[in-house]
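What follows is each chain in one-letter form.
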Amino acid sequence: MEMKAVVSCTGLMLLFAWLSPSQALYFHIGETEKKCFIEEIPDETMVIGRYRTQLWDKQAGSFLPSAPGLGMHVEIKDPDAKIILSRQYGSDGRFTFTSHTPGEHQICLHSNSTKMALFAGGKLRVHLEIQVGEHTNNYPEIAAKDKLTELQLRVRQLLDQVEQIQKEQNYQRYREERFRMTSESTNQRVLWWSIAQTIILIITGIWQMRHLKSFFEAKKLV
């Protein structure tokens, strides 16, 4: 991979991060179903997730706000499959964690509907919003707390953005290094496999020649 391509790809990802301060989506889950999402996160980065649930109402024919008793279990795993968060929340909730290892983090959610007759085979819609890095900061609250002027607040935002960009660049260098190590390891294995094949062919050829020679000598053809 050429350096220009890496820089261009990194620039596009950072631009997308600026234009997308948060990722919001909704999905449907069944009674015992578990939904997981993969989020690539640099190290030492704060992540905030917010969700709300809606339960399918057959009489109304639409999704309505869930009852308070319906809860969601949230489980977060780091790239090493180590659980960094596992907690039961209510029908609407907010979870927070900080990454300590760069890479793909797994975010899983499932309901506690097996303990309730309320769900009873219905459908549950979950609205999920995930904010990463400096987008987790509540700048109006920070400005009010620290009594910052508009200019000072803007400088604070720019400093946070620069810090997040540095983390993203470090993560991209980490990914590039892992990709390079994997490529070198694969190339080395291919080389040794080619050498092994060549040796096997040479040994097979020598054995065939000696076998044919012994056969012709036994038949007194040579």
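Residues numbered from 1 in each chain as written. Predicted model: local features only at pLDDT ≥ 70, side-chain atom pairs only at ≥ 80, totals over all residues. Heavy atoms only, no water.

Looking at an unreviewed UniProt entry, one finds the protein chain named Transmembrane emp24 domain-containing protein 4 and attributed to Carassius auratus. Reading the Sequence similarities (unreviewed entry) entry of the UniProt record for the protein chain gives the comment "Belongs to the EMP24/GP25L family." (UniProt positions renumbered as here; feature names shortened; annotations may be inferred.)

Let's shift gears to the overall build of the protein chain. What the protein chain contains, in helices and strands, is three helices and nine strands. Each helix and strand of the protein chain, ordered N terminal to C terminal, gives the series α-β-β-β-β-β-β-β-β-β-α-α. The 222 residues of the protein chain split such that 30% are buried. Counting only contacts in the protein chain whose residues sit at least 6 apart along the sequence, the fraction spanning at least 24 positions is 73%. Accessible surface for the protein chain amounts to roughly 15,200 Å². Of this, 57% is attributable to carbon and sulfur atoms. (Helix = DSSP H or I, 4+ residues; strand = E, 2+ residues; numbered from the N terminus. Buried < 20%, exposed > 50% of the residue type's maximum accessible area, 1.4 Å probe, protein only. Contact = heavy atoms within 4.5 Å. Areas by Shrake-Rupley, 256 points an atom, 1.4 Å probe, with all protein chains shown as cover.)

For the rest of this paragraph, the subject is the UniProt feature "transmembrane region" (unreviewed entry) in the protein chain. Taken from the UniProt record, the annotation "transmembrane region" (unreviewed entry) applies to residues 190–209. Between the first and last C-alpha atoms of residues 190–209 the distance is 29 Å; the span itself is 100% helix and 0% strand.

Let's shift gears to unusual backbone geometry. Notably, E44 is not glycine yet its phi reads approximately 55°, a positive angle. Tracing the backbone through its elements, the reader meets E44 in the loop between β2 (34–41) and β3 (46–57). On the basis of relative accessibility, which here comes to 41%, the residue E44 falls in the partly exposed class.

This part covers the sheet that holds strand β6 (residues 83–89). The strands making up a sheet are joined through hydrogen bonds of the backbone, oriented either antiparallel or parallel. Sheet architecture is open: four strands sit in the order β2-β8-β5-β6, paired in antiparallel fashion. With one partner strand each, in any of the chains shown, β2 and β6 form the two edges of the open sheet. Between one strand axis and the next, the sheet turns through 15° on average, direction left out of account. Two elements, strand β5 (residues 72–77) and β6, share six bridges in a ladder whose sense is antiparallel. In the sheet register, I76 faces β6, and the bridge partner there is L85. (Pairing = 2+ DSSP bridges. Axes fitted to C-alpha atoms, helices over the stretch in contact; angles between N-to-C directions.)

This next bit is on the pattern of salt bridges. On inspection of all chains with the given rule, the structure shows six salt bridges. A salt bridge links D160 to R156, with the nearest nitrogen and oxygen atoms 3.7 Å apart. Of this pair, D160 and R156 both sit in helix α3 (residues 150–218), separated by four residues, roughly a single helical turn. D160 sits in the buried class, given a relative accessible area of 13%. The closest approach of N and O atoms between E163 and K167, which form a salt bridge, is 3.9 Å. Here E163 pairs with K167, and both are found in helix α3, just four residues apart, close to one helical turn. Given the relative accessible area of 18%, K167 is considered buried. (Salt bridge = Lys/Arg side-chain N within 4 Å of Asp/Glu carboxyl O.)

So, on to the confidence of the model for the protein chain. When pLDDT is averaged across the protein chain, the result is 79; 83% of the residues are at 70 or more. Within the model, the stretch residues 1–21 combines pLDDT values under 50 with twelve contacts to residues more than four positions away or in other chains. (pLDDT = per-residue confidence, 0-100.)

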